[in-house]
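Analysis of the macromolecular model
The lines below spell out each chain.
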Amino acid sequence: MSIYYPLKGSEIRLLKVDASQEGEASISCQMMVASPLGNGYPAYNALSYTWGSEDTTREILINGLSFSVRLNLYRVLQKMIDSQWLRGQATIGDLWWIDAICINQDDHLEKEHQVAIMGDIYRLSDLTLAWLGEEEYGSHLAISYLSGLGEFEVAQTQEAKAFLLDGDAAKCLRALKWLFRRSWWVRAWTLQEYVIPENFIFVCGDDTFGRRRFERAISWLTSLASYIREHIQLSKLEGYEIAWKRRKLRDRRYDSPELPLCDALVYAGGSVASKSRDCVYSLLGLVTDHTLLKIEPQYDIETDDATIFENLIRSQINYTQCIDIICFSNNMPGSLNYPTWVPYWPNHSSKANDRMAWQSFPSLATVSTRRKSDGVEGGEKASVLQVPWGDLGSLYINES
């Protein structure tokens, strides 16, 4: 007997977590179906986390039936049972949206539809909680340091500098390096889960810290980097680099609601996903042109990643009538049989910066803003490849 029944339209499933009675599985959940019709979805929280290894699982009960979850999720569910967990967070309610449970992962049609509305699911949540994992490797010290540094406003440069140069700063920065090595930072799906929600908190063990304070902290770490010897090692971490770019992406969305898919793909480079296509699908809730590009999630086994990436490039070229996007096609693993002009987004470097997206390649942004060159940092001029529009078939490259 399955815990799942087919969803209709924009229905979603929500979960209430309780402790089981003695002798049963340690966690028992009630799952309900919610519809946006009428008064809309009930108040709920959304969870952002990494799935972890499928080799280690635990059993829980959902609507009285046994259900397997991976260890990382099981640990979060254990925390949810504790009535004292996240005390002080007034918005914490009883209902949760958790992708691994609330989406039937064995139904590819349902998965396609739910992934397509996932941006709305996080946007409509009362709170999104990012679970970084249990406390370890000095994470409590690292979070206290970020929280303290994040208290300083833009005008408080001297105070922030004094805090950074405190006697324990070197120890705190070493703890930060371990914090940014956690897998949450580099997972593709956590990008939209971080950027979209109105209310968002990080949780690591029993420690919590808010997104706004976190962003102020990494802004200080970056702007005052010359005073911190340990920052050189910190800035080399992919997790730190991606965290910084996510902060800048939120600034970008605040300044302009328009975010083309290609911009997001370039800027999200270095993210990791178990399925390569999810490096694209995980951005659909963020971007503003995926319907124009006719990009819809596909999880049927007949469609491979190469076809999906190729179709994306063709849609982009059809829409912009410009082939600049193939300039990112120099990162293809030799073991993959992809056309040489198709960028392989999972291998795209996380070191991509502003110059590589909406400054160096303006024609990728929108048709209306396309131009032959644009100024970038340092007064340089970025040459943008412009060619007469011809038959798309001419893009085929003879591999022989």
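Placed above this text is the structure.
Residues numbered from 1 in each chain as written. Predicted model: local features only at pLDDT ≥ 70, side-chain atom pairs only at ≥ 80, totals over all residues. Heavy atoms only, no water.

Comments concerning the pattern of salt bridges
Applying the stated criterion to the full structure yields 11 salt bridges. With a closest N to O distance of 3.7 Å, Arg213 and Glu151 form a salt bridge. Of the two residues, Arg213 is situated in helix H9 (residues 211-223) and Glu151 in the loop between helix H5 (139-149) and helix H6 (157-164); the sequence distance between them amounts to 62 residues. Note on Arg213: relative accessible area 32%, which makes it partly exposed. (Salt bridge = Lys/Arg side-chain N within 4 Å of Asp/Glu carboxyl O. Helix = DSSP H or I, 4+ residues; strand = E, 2+ residues; numbered from the N terminus. Buried < 20%, exposed > 50% of the residue type's maximum accessible area, 1.4 Å probe, protein only.)

Describing unusual backbone geometry
Not every positive phi belongs to a glycine, and Asn63 is a case in point at roughly 50 degrees. Structurally, Asn63 is set in the loop between strand S4 (57-62) and strand S5 (65-70). The backbone of Tyr137 shows a phi angle near 50 degrees, a positive value even though the residue is not glycine. Topologically, Tyr137 is positioned in the loop between strand S7 (127-133) and H5. Residue classification places Tyr137 among the exposed residues on the basis of a relative accessible area of 54%.

Considerations on the packing of aromatic side chains
Under the definition given, this model contains 24 aromatic pairs. Ring centres of Phe152 and Phe163 lie 5.7 Å apart, and the angle between their planes is 65 degrees; on these two criteria the pair is classed as edge-to-face. Note that Phe152 is positioned in the loop between H5 and H6 and Phe163 in helix H6, a separation of 11 residues in sequence. You can call Phe163 partly exposed: its relative accessible area is 25%. Ring geometry for Phe200 against Phe202: centres 5.0 Å apart, planes inclined by 85 degrees, an arrangement best described as edge-to-face. Through pairs of rings, three or more aromatic residues link up here, namely Phe180, Trp184, Trp185, Tyr194, Phe200, Phe202, Phe209, Phe214 and Tyr240. Arg246 extends its terminal NZ or CZ atom over the ring of Trp184, reaching a point 5.3 Å from the ring centre. (Phe/Tyr/Trp six-rings, centres within 6.5 Å; stacked < 30°, edge-to-face > 60°. Lys NZ or Arg CZ within 6 Å of the ring centre and 35° of its normal.)

Notes on the environment of Leu141
Mapping Leu141 onto the fold places it in helix H5. For Leu141 and Lys171, which are 30 residues apart along the polypeptide, the C-alpha to C-alpha distance reads 8.6 Å. In this structure Leu141 touches Lys171, Cys172 and Ala175, once residues within four positions along its chain are discounted. (Contact = heavy atoms within 4.5 Å.)

All we've got here are geometric facts, nothing functional implied.
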